[in-house]
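Here is how the chains run, residue by residue.
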Amino acid sequence: MDKIGIASFGSKARPYVLTVAIQFGFAGAFIFSMASFNTGMSRFVFIVYRNIIAAVSLAPFAWFFERKVRPKMTLSVFLHIMALALLEPVIDQGFTFLGMQYTSASFTSVLTNTVPSITFFLAVIFRIEQVNIKQIRSIAKVVGTLVTFGGAFLMTVYKGPQIHLFYSPNNAHHHAGSHDTQSHKHWVSGTLFILCGCFAWSSFFILQSITLKKYPAEMSLSTLICLFGSLMSTAVALVAEHNSGAGTWALGWNFRLYGPLFTGIVNSGITYYVQGLVMQSRGPVFFAAFNPLCMIITCALGSFLFGEQLHLGSIIGAVIIAMGLYFVVWGKAKDYSSATTTMPTSSVTMKQIETQQLPITSSDHV
(Lines give C-alpha, C1' and ligand atoms only; values in the text may rest on other atoms or scores of the structure.)
Protein backbone atom coordinates (compact mmCIF):
# COMPACT_ATOMS: atom_id res chain seq x y z
CA MET A 1 0.00 0.00 0.00
CA ASP A 2 1.52 3.33 -1.08
CA LYS A 3 1.66 6.46 1.07
CA ILE A 4 -1.48 7.91 -0.51
CA GLY A 5 -3.39 4.71 0.22
CA ILE A 6 -2.18 4.66 3.81
CA ALA A 7 -3.13 8.29 4.29
CA SER A 8 -6.58 7.65 2.79
CA PHE A 9 -7.13 4.64 5.04
CA GLY A 10 -5.97 6.64 8.07
CA SER A 11 -8.36 9.45 7.23
CA LYS A 12 -11.30 7.04 6.94
CA ALA A 13 -10.38 5.10 10.08
CA ARG A 14 -9.71 8.15 12.27
CA PRO A 15 -13.38 8.90 13.17
CA TYR A 16 -13.88 5.27 14.24
CA VAL A 17 -10.69 5.13 16.31
CA LEU A 18 -11.38 8.47 17.99
CA THR A 19 -15.01 7.62 18.75
CA VAL A 20 -14.10 4.27 20.29
CA ALA A 21 -11.43 6.02 22.38
CA ILE A 22 -14.02 8.53 23.60
CA GLN A 23 -16.33 5.71 24.68
CA PHE A 24 -13.50 4.37 26.84
CA GLY A 25 -13.25 7.87 28.29
CA PHE A 26 -16.97 7.91 29.09
CA ALA A 27 -16.73 4.45 30.67
CA GLY A 28 -13.72 5.63 32.67
CA ALA A 29 -15.80 8.53 33.99
CA PHE A 30 -18.39 6.13 35.42
CA ILE A 31 -15.68 3.93 36.94
CA PHE A 32 -13.58 6.77 38.39
CA SER A 33 -16.67 8.47 39.80
CA MET A 34 -17.85 5.29 41.51
CA ALA A 35 -14.36 4.66 42.86
CA SER A 36 -14.31 8.17 44.35
CA PHE A 37 -17.65 7.59 46.06
CA ASN A 38 -16.39 4.26 47.43
CA THR A 39 -13.59 6.12 49.22
CA GLY A 40 -16.24 8.11 51.08
CA MET A 41 -16.04 11.24 48.94
CA SER A 42 -19.23 13.29 48.95
CA ARG A 43 -20.90 13.53 45.55
CA PHE A 44 -21.50 17.24 46.22
CA VAL A 45 -17.78 17.84 46.75
CA PHE A 46 -16.93 15.65 43.76
CA ILE A 47 -19.13 17.79 41.48
CA VAL A 48 -17.48 20.98 42.75
CA TYR A 49 -13.94 19.77 42.10
CA ARG A 50 -14.86 18.16 38.80
CA ASN A 51 -16.31 21.37 37.36
CA ILE A 52 -13.50 23.57 38.71
CA ILE A 53 -10.94 21.30 37.05
CA ALA A 54 -13.00 21.27 33.84
CA ALA A 55 -13.24 25.08 33.74
CA VAL A 56 -9.50 25.51 34.41
CA SER A 57 -8.54 22.93 31.77
CA LEU A 58 -10.84 24.38 29.11
CA ALA A 59 -10.23 28.09 29.73
CA PRO A 60 -6.78 28.42 28.06
CA PHE A 61 -7.97 26.67 24.91
CA ALA A 62 -11.19 28.68 24.79
CA TRP A 63 -9.29 31.93 25.19
CA PHE A 64 -6.70 31.09 22.53
CA PHE A 65 -8.79 29.40 19.83
CA GLU A 66 -11.92 31.54 20.12
CA ARG A 67 -10.49 34.94 21.04
CA LYS A 68 -11.28 36.33 17.56
CA VAL A 69 -14.71 34.76 17.09
CA ARG A 70 -16.16 35.00 20.60
CA PRO A 71 -19.26 37.27 20.52
CA LYS A 72 -20.03 39.86 23.17
CA MET A 73 -21.86 38.76 26.28
CA THR A 74 -25.47 39.91 26.57
CA LEU A 75 -27.95 39.65 29.43
CA SER A 76 -29.97 37.05 27.53
CA VAL A 77 -26.92 34.86 26.89
CA PHE A 78 -25.78 35.25 30.49
CA LEU A 79 -29.15 34.06 31.80
CA HIS A 80 -29.03 31.12 29.41
CA ILE A 81 -25.58 30.20 30.69
CA MET A 82 -26.78 30.34 34.28
CA ALA A 83 -29.70 28.06 33.40
CA LEU A 84 -27.35 25.66 31.59
CA ALA A 85 -25.02 25.61 34.60
CA LEU A 86 -27.96 24.74 36.83
CA LEU A 87 -29.25 22.00 34.54
CA GLU A 88 -26.00 20.15 33.79
CA PRO A 89 -23.36 20.48 36.54
CA VAL A 90 -25.87 20.87 39.40
CA ILE A 91 -29.11 19.00 38.68
CA ASP A 92 -27.96 16.44 36.13
CA GLN A 93 -24.71 15.42 37.77
CA GLY A 94 -26.23 15.63 41.24
CA PHE A 95 -29.15 13.29 40.49
CA THR A 96 -27.07 10.96 38.31
CA PHE A 97 -24.38 10.48 40.95
CA LEU A 98 -27.02 9.99 43.64
CA GLY A 99 -28.69 7.34 41.53
CA MET A 100 -25.33 5.71 40.85
CA GLN A 101 -24.68 5.38 44.59
CA TYR A 102 -28.04 3.62 44.99
CA THR A 103 -27.47 1.29 42.01
CA SER A 104 -24.13 0.86 40.24
CA ALA A 105 -21.91 2.40 37.57
CA SER A 106 -22.93 -0.33 35.12
CA PHE A 107 -26.64 0.27 35.64
CA THR A 108 -26.18 4.03 35.29
CA SER A 109 -24.30 3.67 32.00
CA VAL A 110 -27.16 1.56 30.65
CA LEU A 111 -29.89 3.98 31.69
CA THR A 112 -28.16 7.08 30.28
CA ASN A 113 -28.76 5.64 26.81
CA THR A 114 -32.29 6.99 27.18
CA VAL A 115 -30.99 10.56 26.74
CA PRO A 116 -31.27 10.70 22.91
CA SER A 117 -34.90 9.59 23.06
CA ILE A 118 -35.78 11.99 25.88
CA THR A 119 -34.10 14.78 23.93
CA PHE A 120 -36.17 13.95 20.88
CA PHE A 121 -39.35 13.91 23.01
CA LEU A 122 -38.60 17.35 24.45
CA ALA A 123 -37.61 18.69 21.04
CA VAL A 124 -41.01 17.71 19.65
CA ILE A 125 -42.77 19.44 22.56
CA PHE A 126 -40.81 22.66 21.97
CA ARG A 127 -41.28 22.33 18.19
CA ILE A 128 -37.56 22.15 17.54
CA GLU A 129 -37.95 18.71 15.99
CA GLN A 130 -40.63 18.13 13.35
CA VAL A 131 -42.60 14.88 13.14
CA ASN A 132 -44.34 13.85 9.95
CA ILE A 133 -46.28 10.59 10.37
CA LYS A 134 -46.11 10.11 6.60
CA GLN A 135 -42.32 9.75 6.76
CA ILE A 136 -40.76 6.48 7.85
CA ARG A 137 -37.87 8.27 9.56
CA SER A 138 -40.27 10.22 11.77
CA ILE A 139 -42.15 7.05 12.68
CA ALA A 140 -38.83 5.37 13.51
CA LYS A 141 -37.90 8.18 15.90
CA VAL A 142 -41.28 8.03 17.64
CA VAL A 143 -41.19 4.23 17.93
CA GLY A 144 -37.57 4.34 19.12
CA THR A 145 -38.49 6.83 21.83
CA LEU A 146 -41.35 4.66 23.07
CA VAL A 147 -39.19 1.51 22.98
CA THR A 148 -36.45 3.27 24.97
CA PHE A 149 -38.93 4.38 27.62
CA GLY A 150 -40.24 0.82 27.76
CA GLY A 151 -36.74 -0.50 28.44
CA ALA A 152 -36.17 2.08 31.17
CA PHE A 153 -39.54 1.21 32.76
CA LEU A 154 -38.68 -2.50 32.73
CA MET A 155 -35.37 -1.80 34.47
CA THR A 156 -37.24 0.19 37.11
CA VAL A 157 -39.87 -2.40 38.01
CA TYR A 158 -37.96 -5.63 37.35
CA LYS A 159 -34.56 -6.48 38.76
CA GLY A 160 -34.39 -10.25 38.27
CA PRO A 161 -31.68 -12.75 39.22
CA GLN A 162 -28.03 -11.80 39.34
CA ILE A 163 -25.75 -12.39 36.37
CA HIS A 164 -22.14 -13.12 37.34
CA LEU A 165 -19.68 -11.80 34.76
CA PHE A 166 -16.56 -12.08 36.89
CA TYR A 167 -16.06 -13.82 40.18
CA SER A 168 -15.35 -11.58 43.12
CA PRO A 169 -15.45 -12.48 46.83
CA ASN A 170 -17.06 -9.10 47.47
CA ASN A 171 -20.18 -10.03 45.56
CA ALA A 172 -20.77 -13.46 47.10
CA HIS A 173 -23.15 -12.14 49.73
CA HIS A 174 -26.91 -12.31 49.43
CA HIS A 175 -29.50 -10.31 51.23
CA ALA A 176 -32.70 -11.78 52.55
CA GLY A 177 -36.06 -10.72 53.97
CA SER A 178 -36.25 -7.03 54.76
CA HIS A 179 -32.79 -6.47 53.27
CA ASP A 180 -34.11 -7.51 49.86
CA THR A 181 -37.06 -5.15 50.26
CA GLN A 182 -34.78 -2.29 51.30
CA SER A 183 -32.41 -3.03 48.43
CA HIS A 184 -35.31 -3.01 45.96
CA LYS A 185 -36.50 0.35 47.31
CA HIS A 186 -33.03 1.80 46.84
CA TRP A 187 -32.86 0.32 43.34
CA VAL A 188 -36.17 1.91 42.32
CA SER A 189 -35.20 5.23 43.93
CA GLY A 190 -31.81 5.14 42.23
CA THR A 191 -33.42 4.45 38.87
CA LEU A 192 -35.78 7.41 39.26
CA PHE A 193 -32.88 9.68 40.30
CA ILE A 194 -30.88 8.65 37.21
CA LEU A 195 -33.90 9.29 34.99
CA CYS A 196 -34.26 12.74 36.56
CA GLY A 197 -30.62 13.34 35.68
CA CYS A 198 -31.24 12.17 32.11
CA PHE A 199 -34.22 14.51 31.84
CA ALA A 200 -32.07 17.43 33.04
CA TRP A 201 -29.33 16.45 30.58
CA SER A 202 -31.82 16.37 27.71
CA SER A 203 -33.23 19.74 28.79
CA PHE A 204 -29.65 20.99 28.75
CA PHE A 205 -29.36 19.95 25.10
CA ILE A 206 -32.51 21.85 24.17
CA LEU A 207 -31.31 25.05 25.81
CA GLN A 208 -27.76 24.55 24.56
CA SER A 209 -28.91 24.37 20.95
CA ILE A 210 -30.79 27.65 21.43
CA THR A 211 -27.88 29.35 23.22
CA LEU A 212 -25.31 28.36 20.58
CA LYS A 213 -27.27 30.32 17.98
CA LYS A 214 -26.78 33.46 20.08
CA TYR A 215 -23.30 32.62 21.34
CA PRO A 216 -21.57 30.45 18.70
CA ALA A 217 -18.36 29.80 20.65
CA GLU A 218 -18.68 26.22 21.83
CA MET A 219 -15.53 25.96 23.91
CA SER A 220 -16.03 29.32 25.62
CA LEU A 221 -19.63 28.40 26.36
CA SER A 222 -18.56 25.11 27.95
CA THR A 223 -15.95 26.91 30.03
CA LEU A 224 -18.51 29.39 31.36
CA ILE A 225 -21.01 26.61 32.08
CA CYS A 226 -18.41 24.70 34.09
CA LEU A 227 -17.31 27.88 35.88
CA PHE A 228 -20.79 28.93 36.97
CA GLY A 229 -21.68 25.31 37.59
CA SER A 230 -18.78 25.02 40.02
CA LEU A 231 -19.97 28.14 41.86
CA MET A 232 -23.55 26.86 42.10
CA SER A 233 -22.46 23.37 43.14
CA THR A 234 -20.19 24.90 45.79
CA ALA A 235 -23.19 26.66 47.33
CA VAL A 236 -25.14 23.38 47.27
CA ALA A 237 -22.22 21.47 48.80
CA LEU A 238 -21.76 24.03 51.60
CA VAL A 239 -25.43 23.66 52.55
CA ALA A 240 -25.55 19.87 52.18
CA GLU A 241 -22.26 19.26 54.01
CA HIS A 242 -22.49 22.03 56.61
CA ASN A 243 -22.35 19.50 59.47
CA SER A 244 -19.36 17.69 58.00
CA GLY A 245 -15.80 18.39 58.99
CA ALA A 246 -13.04 19.90 56.93
CA GLY A 247 -12.02 16.39 55.92
CA THR A 248 -15.00 16.25 53.56
CA TRP A 249 -13.21 18.64 51.23
CA ALA A 250 -9.80 17.00 51.60
CA LEU A 251 -8.09 15.47 48.59
CA GLY A 252 -5.39 12.85 48.60
CA TRP A 253 -3.30 10.70 46.32
CA ASN A 254 -6.21 8.36 45.71
CA PHE A 255 -9.53 8.39 43.87
CA ARG A 256 -10.63 11.45 45.83
CA LEU A 257 -8.22 13.27 43.50
CA TYR A 258 -8.09 10.92 40.51
CA GLY A 259 -11.87 10.90 40.01
CA PRO A 260 -12.43 14.67 39.69
CA LEU A 261 -9.15 15.02 37.79
CA PHE A 262 -10.05 12.36 35.22
CA THR A 263 -13.63 13.47 34.66
CA GLY A 264 -12.68 17.14 34.60
CA ILE A 265 -9.75 16.92 32.18
CA VAL A 266 -10.66 13.90 30.05
CA ASN A 267 -14.45 14.22 29.83
CA SER A 268 -14.69 18.01 29.72
CA GLY A 269 -11.35 18.78 28.13
CA ILE A 270 -9.81 16.20 25.80
CA THR A 271 -13.10 14.51 24.99
CA TYR A 272 -14.71 17.84 24.13
CA TYR A 273 -12.04 18.58 21.53
CA VAL A 274 -11.95 15.06 20.06
CA GLN A 275 -15.74 14.94 19.93
CA GLY A 276 -15.70 18.17 17.93
CA LEU A 277 -13.29 16.65 15.41
CA VAL A 278 -15.51 13.62 14.91
CA MET A 279 -18.71 15.65 14.58
CA GLN A 280 -17.11 17.95 12.01
CA SER A 281 -16.49 14.99 9.71
CA ARG A 282 -19.33 12.60 10.54
CA GLY A 283 -21.97 14.52 12.48
CA PRO A 284 -23.67 13.80 15.82
CA VAL A 285 -25.64 10.76 14.60
CA PHE A 286 -22.45 8.82 13.90
CA PHE A 287 -21.19 9.71 17.36
CA ALA A 288 -24.36 8.61 19.17
CA ALA A 289 -24.35 5.24 17.43
CA PHE A 290 -21.34 4.20 19.55
CA ASN A 291 -23.06 4.94 22.90
CA PRO A 292 -23.85 1.28 23.69
CA LEU A 293 -20.12 0.54 23.51
CA CYS A 294 -19.63 2.69 26.62
CA MET A 295 -22.33 0.62 28.32
CA ILE A 296 -20.53 -2.66 27.51
CA ILE A 297 -17.13 -1.34 28.66
CA THR A 298 -18.57 0.05 31.90
CA CYS A 299 -20.41 -3.18 32.72
CA ALA A 300 -17.28 -5.26 32.15
CA LEU A 301 -14.98 -2.94 34.13
CA GLY A 302 -17.54 -2.45 36.91
CA SER A 303 -17.93 -6.18 37.34
CA PHE A 304 -14.18 -6.84 37.20
CA LEU A 305 -12.97 -3.97 39.42
CA PHE A 306 -15.82 -3.52 41.89
CA GLY A 307 -17.63 -6.83 41.72
CA GLU A 308 -20.78 -5.04 40.53
CA GLN A 309 -23.62 -7.40 39.81
CA LEU A 310 -25.71 -7.22 36.70
CA HIS A 311 -29.28 -8.43 36.88
CA LEU A 312 -31.41 -10.05 34.23
CA GLY A 313 -33.75 -7.04 34.20
CA SER A 314 -30.81 -4.74 33.48
CA ILE A 315 -29.61 -6.88 30.58
CA ILE A 316 -33.07 -7.17 29.01
CA GLY A 317 -33.68 -3.46 29.56
CA ALA A 318 -30.28 -2.64 28.03
CA VAL A 319 -31.11 -4.61 24.89
CA ILE A 320 -34.49 -2.88 24.57
CA ILE A 321 -32.95 0.58 25.16
CA ALA A 322 -30.22 -0.13 22.58
CA MET A 323 -32.88 -1.15 20.05
CA GLY A 324 -34.83 2.04 20.74
CA LEU A 325 -31.67 4.11 20.50
CA TYR A 326 -30.88 2.74 17.06
CA PHE A 327 -34.40 3.44 15.83
CA VAL A 328 -33.86 7.08 16.86
CA VAL A 329 -30.34 7.15 15.41
CA TRP A 330 -31.59 5.66 12.13
CA GLY A 331 -34.29 8.31 11.89
CA LYS A 332 -31.77 11.06 12.62
CA ALA A 333 -29.41 9.57 10.02
CA LYS A 334 -32.16 9.86 7.42
CA ASP A 335 -32.71 13.48 8.48
CA TYR A 336 -28.99 14.03 8.06
CA SER A 337 -29.01 12.49 4.57
CA SER A 338 -32.06 14.54 3.61
CA ALA A 339 -30.35 17.74 4.77
CA THR A 340 -27.28 17.04 2.64
CA THR A 341 -29.28 16.19 -0.49
CA THR A 342 -31.73 19.10 -0.32
CA MET A 343 -29.07 21.78 0.15
CA PRO A 344 -26.83 22.87 -2.76
CA THR A 345 -23.56 20.98 -2.72
CA SER A 346 -21.48 24.15 -2.85
CA SER A 347 -23.23 25.59 0.19
CA VAL A 348 -23.40 22.50 2.40
CA THR A 349 -21.13 22.66 5.42
CA MET A 350 -21.09 20.45 8.48
CA LYS A 351 -21.84 23.48 10.63
CA GLN A 352 -25.01 24.21 8.66
CA ILE A 353 -26.19 20.62 8.91
CA GLU A 354 -25.52 20.38 12.63
CA THR A 355 -27.55 23.49 13.35
CA GLN A 356 -30.58 21.71 11.92
CA GLN A 357 -30.25 18.86 14.42
CA LEU A 358 -30.16 18.66 18.16
CA PRO A 359 -26.97 17.35 19.71
CA ILE A 360 -27.72 13.90 21.08
CA THR A 361 -24.60 13.32 23.09
CA SER A 362 -22.26 15.41 25.17
CA SER A 363 -18.76 15.18 26.56
CA ASP A 364 -19.58 16.97 29.76
CA HIS A 365 -21.61 14.32 31.46
CA VAL A 366 -20.66 11.91 34.24
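As the structure is a prediction and not an experimental result, all values here were calculated from the model.

In terms of regular secondary structure, the chain is built from 12 helices and 2 strands. Mapped from its N terminus to its C terminus, the chain presents α and β elements in the order α-α-α-α-α-α-β-α-α-α-α-β-α-α. Taken over 366 residues, the chain has a buried fraction of 50%. Long-range contacts, defined here as pairs at least 24 residues apart, represent 89% of the contacts in the chain between residues at least 6 apart. For the chain, the accessible surface area stands at approximately 17300 Å², while carbon and sulfur atoms represent 70% of it.

It is worth spelling out the nonpolar core at this point. In globular proteins that are soluble, nonpolar side chains generally tend to be buried together. Counting residues in hydrophobic clusters, the biggest one holds 33 residues, and the most contacted among them are I81, V110, L111 and F204. When contributions to this core are tallied by element, the ones reaching two or more residues are helix 3 (75-102), helix 4 (105-111), helix 5 (115-125), helix 6 (136-157), helix 7 (178-214), helix 8 (218-240), helix 10 (291-306) and helix 11 (312-342). The element that contributes the greatest number of residues to this core is helix 7, accounting for 8 residues. Ignoring anything within four residues of it in the chain, the contact list for V110 reads M155, M295, C299, S314, A318 and I321.

Attention now moves to the side chain of Q93. As for its position among the elements, Q93 is in helix 3. Residue classification places Q93 among the buried positions, given a relative accessible area of 1%. Side chain to side chain, Q93 and E88 meet in a polar contact 3.0 Å long.

Glancing now at the packing of aromatic side chains. In the structure shown here, the tally under the stated rule is 16 aromatic pairs. When the ring of F32 is compared with that of F255, the centres are 5.5 Å apart and the planes differ by 65 degrees; the resulting orientation is edge-to-face. With a gap of 223 residues between them, F32 in helix 1 (residues 3-38) and F255 in helix 9 (residues 255-288) connect regions that are remote in the sequence. A residue is classified by how much of its surface remains accessible, and F255, at 33% relative accessible area, is partly exposed. A network of ring pairs unites the aromatic residues F32, F255, Y258 and F262 as a single cluster. It is R67 that lies over the ring of F64; its NZ or CZ is 4.6 Å from the centre.

Looking now at the environment of Q309. One can find Q309 in the loop between helix 10 and strand 2 (310-311). Spatially, the C-alpha atom of Q309 lies 9.8 Å from that of T103, the residues being 206 residues apart in sequence.

Within the element layout of this structure, T112 appears in the loop between helix 4 and helix 5. Only 3.0 Å separates the side chain of T112 from the backbone oxygen of S109, close enough to count as a polar contact.

This part takes up the state of the cysteines. Using the criterion set out here, one finds 0 disulfides in the structure. Cysteine C198 shares no disulfide, and the gap to the nearest cysteine sulfur, in C196, comes to 9.3 Å.

When you line up the elements, V266 lands in helix 9. The sequence separation of V266 and I22 amounts to 244 residues, and the corresponding C-alpha distance is 9.0 Å. Other than its neighbours up to four places away in sequence, V266 contacts G25, L261 and T271.

Before going further, it helps to spend a moment on the confidence of the model for the chain. This prediction gives the chain a mean pLDDT of 81; 80% of its residues lie at or above 70. Mean pLDDT across the secondary structure elements of the chain bottoms out at helix 12 (residues 350-354), with 49, and peaks at helix 3, with 94. Low pLDDT, under 50, characterises residues 167-179; the predicted model gives this stretch 7 contacts beyond four residues in sequence or across chains.

Turning next to helix 2 (residues 43-65). Under the 1.5 Å per step criterion, the end-to-end length of helix 2 is 33 Å for 23 residues, consistent within 8% with the ideal 33 Å. The principal kink in helix 2, of about 35 degrees, is found at L58, preceding the proline P60 by one to four residues. Between a side-chain oxygen at the N-terminus of helix 2 and the backbone nitrogen of F44 the separation is 3.1 Å; the capping residue is S42.

Further remarks concern the packing of helix 2 against helix 8. Angle between the axes and distance between the axes are the two parameters that describe a pair of packed helices. At a closest axis distance of 8 Å, the pairing of helix 2 and helix 8 adopts a crossing angle of 155 degrees. Our classification of the angle between helix 2 and helix 8 gives roughly antiparallel. Helix-helix and strand crossings are classified by hand; for helix 2 and helix 8 the assignment is left-handed. Each of F44, V45, I47, V48, N51, I52, A54, A55, L58, A59, F61 and A62 in helix 2 lies in contact with helix 8, whose residues at this interface are M219, S220, S222, T223, C226, L227, S230, S233, T234, V236, A237 and A240. Residue classes in the contact of helix 2 with helix 8 are distributed as 17 nonpolar, 7 polar and no charged.

Here the focus is a nonpolar patch on the surface. On the surface, I139, V143, I315, V319, M323 and F327 cluster together to form a nonpolar patch covering roughly 480 Å² of accessible area. Only helix 6 and helix 11 provide two or more residues apiece to the nonpolar patch. Tallying contributions element by element places helix 11 first for the nonpolar patch, with 4 residues. As for its placement among the helices and strands, I315 is situated in helix 11. Among the residues examined, I315 registers a relative accessible area of 33% and is labelled partly exposed.

Rules of the game
Residues numbered from 1 in each chain as written. Predicted model: local features only at pLDDT ≥ 70, side-chain atom pairs only at ≥ 80, totals over all residues. Heavy atoms only, no water. Helix = DSSP H or I, 4+ residues; strand = E, 2+ residues; numbered from the N terminus. Buried < 20%, exposed > 50% of the residue type's maximum accessible area, 1.4 Å probe, protein only. Contact = heavy atoms within 4.5 Å. Areas by Shrake-Rupley, 256 points an atom, 1.4 Å probe, with all protein chains shown as cover. Core = buried A, V, L, I, M, F, W, Y, C linked by side-chain atoms within 4.5 Å. Polar contact = N/O pair within 3.5 Å; in protein donor to acceptor, adjacent residues only side chain to side chain. Phe/Tyr/Trp six-rings, centres within 6.5 Å; stacked < 30°, edge-to-face > 60°. Lys NZ or Arg CZ within 6 Å of the ring centre and 35° of its normal. Disulfide = S-S within 2.5 Å. pLDDT = per-residue confidence, 0-100. Expected span 1.5 Å × (residues − 1). Bend = angle between axes of the 7 residues up to and from the residue. Axes fitted to C-alpha atoms, helices over the stretch in contact; angles between N-to-C directions. Parallel < 35°, antiparallel > 145°, perpendicular 65-115°, else oblique. Left-handed = near helix turned anticlockwise from the far one by under 90°. Nonpolar A, V, L, I, M, F, W, Y, C, P; charged D, E, K, R; others polar. Patch = residues over 30% accessible without salt bridge, like charges linked within 9 Å, V, L, I, M, F, W, Y side chains within 5 Å. Salt bridge = Lys/Arg side-chain N within 4 Å of Asp/Glu carboxyl O.

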